[in-house]
Every structure is written in structure tokens, then in C-alpha cells.
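Each chain is listed here by its residues.
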Amino acid sequence: MSTPTLRVMRRLHAPPPPSAWALATLVLCALMVWPVTGRTQTAGLGSLEQLARDFVAPSLNGGSLAPAGQSPLRPEVVVGTLDTRLRLAPCNKVEPHLPAGTRLWGRSRIGLRCVDGPTRWNVFVPVTVKAWGQAWVLKHPVASGATLTQDDAEMAEIDWAAQTASVLASPALWVGRQAAYSLQPGQALRQNMVRAAPAFAAGALVKVSSAGTGFQVVVTGEAMGPGIEGQPTRVRLPGGKVVNGLVRDAQTVEIDL
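Below or above, wherever it landed, is the structure these notes cover. (Residues numbered from 1 in each chain as written. Predicted model: local features only at pLDDT ≥ 70, side-chain atom pairs only at ≥ 80, totals over all residues. Heavy atoms only, no water.)

Overview of the overall build of the protein chain
Each helix and strand in the protein chain was counted, giving 2 helices and 17 strands. Considering only residue pairs separated by 6 or more positions, the protein chain has 59% of its internal contacts joining residues 24 or more positions apart. Surface accessibility of the protein chain: about 13,300 Å² in total, with carbon and sulfur atoms responsible for 53%. (Helix = DSSP H or I, 4+ residues; strand = E, 2+ residues; numbered from the N terminus. Contact = heavy atoms within 4.5 Å. Areas by Shrake-Rupley, 256 points an atom, 1.4 Å probe, with all protein chains shown as cover.)

As for the nonpolar core
Looking at soluble globular proteins, one finds that nonpolar side chains tend to be buried together. In terms of nonpolar packing, the biggest core is built from 20 residues, with Leu 48, Val 94, Leu 112 and Trp 121 touching the most fellow members. Contributing elements (two or more residues each) for this core: helix H2 (45-60), strand E4 (74-79), strand E5 (91-97), strand E6 (106-116) and strand E7 (122-138). Top contributing element to this core by residue count: E7, with 4 residues. (Core = buried A, V, L, I, M, F, W, Y, C linked by side-chain atoms within 4.5 Å. Buried < 20%, exposed > 50% of the residue type's maximum accessible area, 1.4 Å probe, protein only.)

Quick word on the sheet that holds strand E12 (residues 205-212)
A barrel is described by the order of its strands in space; here 5 strands give the closed sequence E12-E13-E15-E16-E17, paired in mixed fashion. The sheet shows a mean angle of 50° between the axes of neighbouring strands, taken without regard to direction. Alignment of strand E16 (residues 242-247) against strand E17 (residues 252-254), held across 2 bridges, turns out to be antiparallel. The residue bridging Val 247 from the neighbouring strand is Val 253, located in E17. (Pairing = 2+ DSSP bridges. Axes fitted to C-alpha atoms, helices over the stretch in contact; angles between N-to-C directions.)

Overview of the state of the cysteines
For the structure on display, the rule yields 1 disulfide. Shown here is the disulfide that connects Cys 91 with Cys 114, its sulfur atoms set 2.1 Å apart. Looking down the S-S bond of the Cys 91 and Cys 114 bridge, the torsion is 100°, so its handedness is right-handed. Of this pair, Cys 91 sits in strand E5 while Cys 114 sits in strand E6, and the two are 23 residues apart along the sequence. With a relative accessible area of 0%, Cys 91 lands in the buried category. The exposure class assigned to Cys 114 is buried, which follows from its relative accessible area of 3%. (Disulfide = S-S within 2.5 Å.)

Some points on the packing of aromatic side chains
Counted according to the given criterion, the structure contains 1 aromatic pair. The ring centre of Phe 124 lies 4.1 Å from the NZ or CZ of Arg 109, which sits over that ring. (Phe/Tyr/Trp six-rings, centres within 6.5 Å; stacked < 30°, edge-to-face > 60°. Lys NZ or Arg CZ within 6 Å of the ring centre and 35° of its normal.)

Details of a nonpolar patch on the surface
Among the surface-exposed residues, Phe 215, Val 217 and Val 219 lie close enough to one another that they form a single nonpolar patch of about 230 Å² accessible area. Within the secondary structure, Val 217 sits in strand E13 (residues 215-223). (Patch = residues over 30% accessible without salt bridge, like charges linked within 9 Å, V, L, I, M, F, W, Y side chains within 5 Å. Salt bridge = Lys/Arg side-chain N within 4 Å of Asp/Glu carboxyl O.)

Some details on the pattern of salt bridges
Scanning the entire structure with this criterion turns up 5 salt bridges. With a shortest N-O distance of 4.0 Å, Glu 95 and Arg 113 are connected by a salt bridge. Taken together, the residues span a long stretch of sequence, with Glu 95 in strand E5 and Arg 113 in strand E6 at a distance of 18 residues. On the basis of relative accessibility, which here comes to 30%, the residue Arg 113 falls in the partly exposed class. In this structure, Arg 236 and Glu 222 form a salt bridge, with 4.0 Å as the shortest nitrogen-oxygen distance. Here the residue Arg 236 occupies a position in strand E15 (residues 232-236), and Glu 222 occupies one in strand E13, the gap between them amounting to 14 residues. Judged by its relative accessible area of 34%, Arg 236 falls in the partly exposed class. We classify Glu 222 as partly exposed; its relative accessible area is 34%.

Here you go:
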């Protein structure tokens, strides 16, 4: 069975996980105008698989996967096979459809349902949607908690759809961040693989800032735990009182009065 290479319109962005909603929209548009006729016999599983391929291909041809600010991705769709044990009743009209909640990204499926026959049936053909393109790939092992640098990765072609986590297409999204777990050479950098580095450690002296209408108060306190920018932390003030605040930068914790 040949593997068609298809081009589709889609905008990928990071850090949100790249999805295939633009891809799915094209398929759904095709669904509304793609009634498939012809008598399908019980033994014609190969014909049904071809029907799924024909449904995907025309609706996706001519587009391009285009990550924000990156070169277009090269789409590829692999259509699987139906269970050979299936015994389907003859049908005069079979409609392909995209099952509710289905994302055409990575492993997915296309539905085929009989809409004109003595017995109504609905089966699903597995499909794998791949999206080949350049991404940052690790050159050597990185220990859990280590801070990533530009020299840790190089550009290489990968399948962006191989995982649901977003590809970190820009070095700004991973340089200076820590490895969330032990990373191995050849892994493409994705959103779930990195975390923000602590802005300060437990015990550090930080400025605690609070502001109201027309005034601002800043005192020095002791961090009771590591502070990560944009996340809450606890600080002990000079009088011994412990307050909760939000880490703004490497020196400042902001609290609400």
C-alpha cells in the first residue's frame, strides 16, 4: 500500500501543544461535500481502506504545514488496515467522516459509515498523520535539573506529530531553562521536557514589594524555598511573619495587601 505525501494548511505555535485543528477543519469541510457512492461488498475491506485514503487526500492536497516563523513542515499520512475479521453487509453508499473529538495529528482514525444499505454499520480506519520539519535536537545527554545552553542542541528533521507536547521551535523557549528529567541525545526539545530555572534559592534575601493606591512598600525578607519566576513562594519578614507572594524576578517577590 503506497503512502501519500500530503500538504495541508496549519499554524503551529509554541509553547501550546501543536494541534491539527486547521487540518481537521479541512477534512470536515471535505466531509460536507464528499458523499461516496458505489456498492461495497462484505469482502471489500481493501476498498474501504482506499476510500479512507481518497477522503483524506483531496481535502488536504495543496496546503502546507507552517509553524510560526519556521519553514513549512512536510506532511505525510499513513493509512492503516481494517480488522480482517470484519464481515460487513453490502452497502450502496458509504460516507467517510471524522469522529467527534478526533485530532488529525499523530495516531488518529477516519470513520466509514453505511448510509444506504439493508444494515447500517460504522467502522474506523487507523491513520497516522506525520509532520516532518526542522527542530532543535539534543546532541548529548542532559542530566535532570541541568540548565540548557545553546550548545546542547542542533537542528535536525523530526516528526513534529510524534508526540502531543509542543516542539520548542525557538531557542528562547529552552535556553536557560532546566531539564525536567534526564534527556538523551536525539530527543527533540518539547514543552514537557523543560522547566523554569529557580530565580533564587531557599534562604536568599529578597525584596518583598506591596503596593496600593498612591503608595508602595518594599522590605527585605528571607525566602523559605526556591523561587521560580511567575510562581508563588513564601517569605519570612524581619518581624517573623511569613507571607505568600508571587516571584517577579531574581530579587523581588510581590504580595497583595
